Amino acid sequence: MNRKLKIILAVSGVIIIPVLVSPKPVFRMPFSTVVEASDGSLLGARIADDGQWRFPGFSMVPDKFEKSLLTFEDRYFYFHPGINPVSIVRALANNIKAGDIVSGGSTITMQVARISGGNKPRTYGEKIVEILSSLKLELFHSKKSILLMYTANAPFGGNTVGLEAAAWRYTGKSSASLTWAEAAVLAILPNSPGLVFPGKNQEILKNRRDNLLRQLCKRKYIDSLTLALALDEPVPVEPKPLPSKAPHLSDYFYIRNKGERIRTTIDQTLQERATEIINSHQKDLSENHIFNSACLIEDVKSGNVLVYVGNSTLEETRVHGGDVNIVPALRSTGSILKPILYAAMQHSGDILPNSLVADVPTRFPGFSPKNFDQTYSGAVTAGTALSQSLNIPAVKMLQKYNPERFLDLLRRTGFNTFGKSADYYGLSLILGGGETSLWDLTGVYASLSRVLNRYINEKKYYKEDYHSPILVTQENSTKEKTEESDPPLSASSIWLTYEALQKVNRPLSETGWQYFSSAPDLAWKTGTSYGFRDGWAIGTTPEYVIGVWAGNADGEGRPGLTGISAAAPIMFDLVNMMRTGPWFSIPYEDITMIRVCSKSGFRAGPDCPETTEIPACINGLRSETCPYHKIIHLNESKTFQVTSDCYSPEDIINVPWFILSPSMEYFYRQKHPEYKSLPPVAPGCMASKNIPVMDFIYPEEGIKIFIPRDQTGLLTKVVAEVAHRNPSKKIFWHLDEIYTGTTRFVHQIEIVAGPGKHVLTVVDEDGNRIRCGFTIQ
Ligand SMILES: [Zn+2]
């Protein structure tokens, strides 16, 4: 081999091999968890595992910072190979003169090597390793990425690392929005982090910054006017606390996305205002020992969460569970699912918007629902039952619809929290027997509003319109949509439900209702769980869904903790904060006009005297016809019921009569003085078999009763109950054909029966007879 070549190779080897074997600077430090609003502003952050504020996800060095930094630290950064021989020689000379290392002569690249090596003490040996590592860095990385490494990892004093964390801590804003004066200060800090503290250091820092600013002007990066303004800016005195605009959301991401930078969908202005609203209501609630409240606001169209207040952020509620994030917490639903059932039954055609539903004392095995005010109306329209949130009609409706079918529907609309079987929940599902979260609830209402809007605009349903709230900004996905031929709820059923919810009852007993009167168009519902533990309020406009919860995180119930008094006022303040447009249009294509009985709200039958046309779901055409109007036969003076057996047929007058069941009638006529009871049967005539005079309140036909044994091992008793149109009539009870007793006025009797099938027969003094078969398990 040529001797010259050997020498060249040897010499290059002497340089290249050490460079190649030198440590390659890498950064493997843990990051803080950073949560940003949709506009990139900082909502909050959680410190990295090593106790440093080091923000992840840096991809760009802001221009002002780069110019300031390079002017201050390394003017030839883009031209040198990682080391600057001129400054090294100068530094070496200075150090020899001083007898110690006073100056590093470091380039940015060398500083990157030094930081990644853990800032070891400055020795000549370390210096050589640094130089070799720098050369290696330059060999494998672009200038831009080296600059980025520096920006992301430079120490800024205390436990602040990297420009972004420093920008937030020293200026209260993102590094992208720094002024020239701020960028200059931050360019100086990594080499003298101790300067940002109150005291005389301030002056040194200001002098250095001003010098740098003048140099920036000299190099024509800034003009003289900018310089003059920049020189006037104050220098930071001390690090500021980081913003904490959504602390529960920051915790949420700290658990799920630790060390990541999350760009959320949160609107920071709305978030701040909503937090203020929650906190101001929380002060009042706390007086009644209701210590926690939360809200979620979702944009219907995009599904984006705009506001996420996991709990009040008041200092005084902190010791009372204020740290608990309520949004994903599972809580009893109270009445908040009733609108979904109403919509489901409109959709299926099981009822029409104003069909009468029984509202009478009702008992099921182990379960006796009561209305909130403990009264009964006998019968109410389905719409009224919904807007007044009556419990018994809701249970009757669920019984008709079937709990299993309803559970399936809840899951199809997006509730993920009902994991048990229909048998487990039973009919109490509609009164709060199951649990859901503010997250799911808000998501489902938003999906329904989205489906309705879509149908109004496109006359189509898409599977993708049902989805959970979106919390993290997503890339514009152009995923293909799947048309839904069998939607869980039709547009018309949602629209009819929202119409009913717009008329939500404002109970006279509640004070402060004038407060709500200024609210814009809103479909809303409140819910209160058993034992006054949870107050819910949910409201939707075509644009937004607002969900609110109030209560105690530890589950303690409080008198007066109702959806209407604790949660609704917060919801209305939030509604007023949002801009709202026009109300939902009518989804005409999905609506049909149906002729209904004016009195019962059922589809009009041939005997209904007064009818009217109302908008309803198409399946409503298959709904039952009015069962309450019957033709009865009266004598000429209309004072007695007669039959052709006891009265001259040509003199009989046939009249359509509105007849409720005996139990409904008993309560209905108390609230409806216009209700006309049937005229008595004429002496010597038999009562019509078509019009029952009695019915069973408990048990119901075909029911299966599980009877627990008491402490002594005896079976506990079953209390049977019957309603009679004329309670003063005597009733004779028979169990399995054996006489067991007589009742008058209050038709209740205790019966004892062993396992197996039984028949309860009841006969009144006029010989009217009803029977009911049931099974004891
Ligand atoms: Zn009718």
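Residues numbered from 1 in each chain as written. Predicted model: local features only at pLDDT ≥ 70, side-chain atom pairs only at ≥ 80, totals over all residues. Heavy atoms only, no water.

### Structural notes on the nonpolar core
Short version of the rule: As used here, the term nonpolar core means buried Ala, Val, Leu, Ile, Met, Phe, Trp, Tyr and Cys residues forming a set that is joined through side-chain atoms within 4.5 Å. Three exposure classes are used, based on accessible area relative to the maximum for each residue type with a 1.4 Å probe and protein chains only: buried under 20%, partly exposed in between, and exposed over 50%. Between two residues, a contact is recorded if the distance between any of their heavy atoms is within 4.5 Å.
Grouped together as the largest cluster of nonpolar side chains are 77 residues, with contacts concentrated most on Leu-249, Tyr-308, Phe-406 and Tyr-498. When sequence neighbours within four positions are dropped, the list of residues in contact with Phe-406 reads Leu-337, Ile-340, Leu-341, Leu-398, Tyr-401, Leu-429 and Ile-430. Within the second largest apolar cluster, 41 residues are counted, among which are Leu-70, Val-112, Ile-115 and Ala-154.

### A few points about the packing of aromatic side chains
The cut-off we apply is this: Pairing of aromatic side chains requires ring centres within 6.5 Å, counting the rings of Phe and Tyr and the six-membered ring of Trp. Pairs whose planes differ by under 30 degrees are stacked, by over 60 edge-to-face, and all others tilted. Put simply, a charge is over a ring when the Lys NZ or the Arg CZ is close to the ring centre, within 6 Å, and near the line of the ring normal, within 35 degrees.
Enumeration over the complete set of coordinates arrives at 19 aromatic pairs. Summarising the aromatic geometry, the rings of Tyr-252 and Phe-253 are spaced 5.1 Å apart at their centres and angled 85° between planes, so their arrangement reads as edge-to-face. The residues Tyr-252 and Phe-253 share a single accessibility class, namely buried. Judged by centre distance (6.0 Å) and plane angle (80°), the rings of Phe-418 and Tyr-425 are edge-to-face. Given the relative accessible area of 2%, Phe-418 is considered buried. Joined through ring pairs, the aromatic side chains of Phe-602, Tyr-628, Phe-658, Tyr-668 and Tyr-675 make up one cluster. Seen from the ring of Tyr-401, Arg-405 lies directly overhead, with NZ or CZ sitting 4.1 Å from the centre.

### Re the confidence of the model for the protein chain
The line we're drawing: Summary of the metric used: pLDDT quantifies the predictor's per-residue confidence within the range 0 to 100. Labels follow the DSSP assignment, with helices taken as runs of H or I lasting at least four residues and strands as runs of E lasting at least two, numbered in each case from the N terminus.
Looking at the protein chain, the pLDDT average stands at 88 and 92% of residues meet or exceed 70. For the protein chain, helix α1 (residues 3-21) is the element with the lowest average pLDDT, namely 68, and strand β7 (residues 305-309) is the one with the highest, namely 98. Overall, residues 507-515 carries pLDDT values under 50, and its contacts beyond four positions in sequence, including any with other chains, amount to nine contacts.

### Quick look at the side chain of Asn-635
Operational definition: As used in this structure description, the phrase polar contact means that two N or O atoms lie within 3.5 Å; if the pair is within protein, one of them must be able to donate a hydrogen and the other to accept it, and residues adjacent in sequence are counted only when both atoms belong to side chains.
Here Asn-635 is to be found in the loop between β17 (629-634) and β18 (653-658). Here Thr-639 takes part through its backbone nitrogen, which lies 2.8 Å from a polar atom of the side chain of Asn-635. Not counting residues within four places of it along the chain, the set of residues in contact with Asn-635 comprises Phe-640, Val-642, Tyr-647, Asp-651 and Ile-653.

### Some thoughts on the pairing of strand β12 (residues 523-528)
Heads up, the condition is: At least two DSSP bridges between two strands are required for those strands to pair.
For β12, the tally of buried residues reaches six of six residues, placing the bulk of the element in the interior. On β12, burial covers both faces: Ala-523, Lys-525 and Gly-527 on one face and Trp-524, Thr-526 and Thr-528 on the other are all buried. Direction of pairing for β12 relative to strand β13 (residues 534-540): antiparallel, over a ladder of six bridges. Considered in β13, the bridge of Lys-525 is made with Ile-538.

### What to know about the sheet that holds β13
The condition is simple: Here, axes are lines fitted to C-alpha atoms. For helices the fit covers the stretch in contact, and angles between N-to-C directions go from 0 to 180 degrees.
Here we have five strands laid out as an open sheet, ordered β7-β6-β14-β13-β12, and antiparallel in their pairing. Each of the sheet's edge strands pairs with one partner strand only, and the pair in question is β7 and β12. The average undirected angle you get between the axes of adjacent strands in this sheet is 10°. Across seven bridges, the pairing between β13 and strand β14 (residues 544-551) is antiparallel.

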